[in-house]
Amino acid sequence: MELIIQIILLLVGFVLLIKGADIFVDGASNIAYYFKISTVVVGLTIVAFGTSAPEAAVSITSALDGNSSLYMGNIIGSNIFNILCVIGISALISNLSVDKVIIKRDFPFTVISSIGLLLIAYVFGEINRIFGLIFLIVLIVYVYNTVKEYKKSITEDDIVEAKISVPKSIIFIIIGLVGVIVGSDLVVNSSSYIASTFGLSDALIGLTVVAIGTSLPELVTSLTALKKGEHGMVIGNVIGSCIFNILFITGITSVILPTPIEPKMILDIFIMTLIIILGSTFARTQEEIDRKEGLILVILFIIYMAFIIIRN
């Protein structure tokens, strides 16, 4: 009976995470629109951060509970899901055109960030407060330069009128954050209980159930953008989320509490890096990711899931 209750609480947690992130993004975006900030900048910053809010909340909660395996598994698994499933499924529905700026700047930056995480994990065996602070500084510089570059080319078409008032937007932000925080607490506690009940490791739960659950906002956002023909937002949302996952979540969590890295988790970071490089390579071919490449990505996700389940 207790197991059933925990599964229900896990599902409730995911709903609160996803809906909370959605409400947060609506509120924050409207405030940005009110101050005439372009949709491109909003997408690269607020939307990317908002869809990564579930991962951030779960990871910080896990770290405070001393569960580094769950938090690192969540980050790695989310990035792998983003590249293989979100981009893969989207490409299966329609060939995804990729902006030249993303190919030349954002994809390489994501690859470099992933390699940096891999090297630190392999050489030092942990992400300490100094590395966490470096990650945060790098992210701030990246976001600043991104916003600065896009501000130079803003047109009237890039500006969207705010749909709700500032006070209402602030209420949305508060409600969204509460949903994300409460949801993350439910997900961490319930998933840890389920893992121990079935004899599964926290790392496996983080790489699978929690990672997929917290990545649903990216999938929903990308499929919605795809329906509207906004292919650039699909890739931009995924890459932005991967960058936030590596630099912001790892950075802020490690500043709060240094994170030891299990040896087998280093292999997962290596696989994540290879997958990001593969996604970047596909994007460079004719500046799009076609259905054939999308199918390859989805198949690789199934293979990876089978691998980590057998490994456990």
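Residues numbered from 1 in each chain as written. Predicted model: local features only at pLDDT ≥ 70, side-chain atom pairs only at ≥ 80, totals over all residues. Heavy atoms only, no water.

Trainee: An account of the overall build of the chain is needed here, citing residue identities and associated values.
Mentor: Per the secondary structure count, the chain includes 11 helices and 4 strands. Relative to a compact globule of 312 residues, whose C-alpha radius of gyration would be 20 Å, the chain shows 19 Å and is just as compact. Seen through its C-alpha atoms, the chain measures out along the principal axes to roughly 55 × 45 × 40 Å. For the chain, the proportion of its 312 residues judged to be buried stands at 53%. Pairs at least 24 apart in sequence give 87% of the contacts found in the chain among residues at least 6 apart. Element-wise, carbon and sulfur atoms account for 71% of the exposed surface of the chain, whose accessible area totals about 13800 Å². Side-chain charges of the chain comprise 18 positive and 23 negative groups, with the mean position of each set lying 5 Å from the other. (Helix = DSSP H or I, 4+ residues; strand = E, 2+ residues; numbered from the N terminus. Rg over C-alpha atoms; globule rule 2.2 N^0.38 Å. Buried < 20%, exposed > 50% of the residue type's maximum accessible area, 1.4 Å probe, protein only. Contact = heavy atoms within 4.5 Å. Areas by Shrake-Rupley, 256 points an atom, 1.4 Å probe, with all protein chains shown as cover. Lys, Arg positive; Asp, Glu negative; His and termini not counted. Charge placed at Lys NZ, Arg CZ, Asp CG, Glu CD.)

Trainee: So, the state of the cysteines: which residues are in play, and what are the values?
Mentor: The final tally for this structure, using the stated rule, is 0 disulfides. No disulfide involves Cys85; its sulfur sits 12 Å from the nearest other cysteine sulfur, which is in Cys242. For Cys85, a relative accessible area of 7% puts it in the buried group. (Disulfide = S-S within 2.5 Å.)

Trainee: Tell me what's going on with helix H5 (residues 100-124), and back it up with residues and numbers.
Mentor: The first and last C-alpha atoms of H5 sit 36 Å apart over 25 residues, in line with the 36 Å expected at 1.5 Å per residue. At Asp106, H5 shows its maximal kink, close to 30°; a proline, Pro108, follows between one and four residues later. (Expected span 1.5 Å × (residues − 1). Bend = angle between axes of the 7 residues up to and from the residue.)

Trainee: An account of the nonpolar core is needed here, citing residue identities and associated values.
Mentor: Among the nonpolar cores identified, the biggest contains 65 residues, and Met72, Ile235, Ile269 and Ile289 are the most heavily contacted of them. Broken down by secondary-structure element, the contributors of at least two residues to this core are helix H3 (53-64), helix H4 (68-93), H5, helix H6 (129-151), helix H8 (202-227), helix H9 (231-256), helix H10 (263-284) and helix H11 (291-311). Looking at which element gives the most residues to this core, the answer is H4, with 12 residues. Residues within four places of Met72 in sequence aside, it is in contact with Leu117, Thr259, Ile261, Met265 and Ile269. Within the second largest apolar cluster, 15 residues are counted, among which are Leu17, Ala21, Ala53 and Ile194. (Core = buried A, V, L, I, M, F, W, Y, C linked by side-chain atoms within 4.5 Å.)

Trainee: Help me get a handle on the pattern of salt bridges, residues and values and all.
Mentor: Following the criterion strictly, the structure yields 2 salt bridges and no others. In this structure, Arg105 engages Asp106 in a salt bridge whose closest nitrogen and oxygen atoms are separated by 2.9 Å. For the pair shown, Arg105 and Asp106 are each scored as buried. With a closest N to O distance of 2.9 Å, Arg311 and Asp268 form a salt bridge. Remark: Asp268 occurs in helix H10 and Arg311 occurs in helix H11; sequence separation between them is 43 residues. Relative accessible area serves as the criterion here: at 0%, Asp268 is assigned to the buried category. (Salt bridge = Lys/Arg side-chain N within 4 Å of Asp/Glu carboxyl O.)

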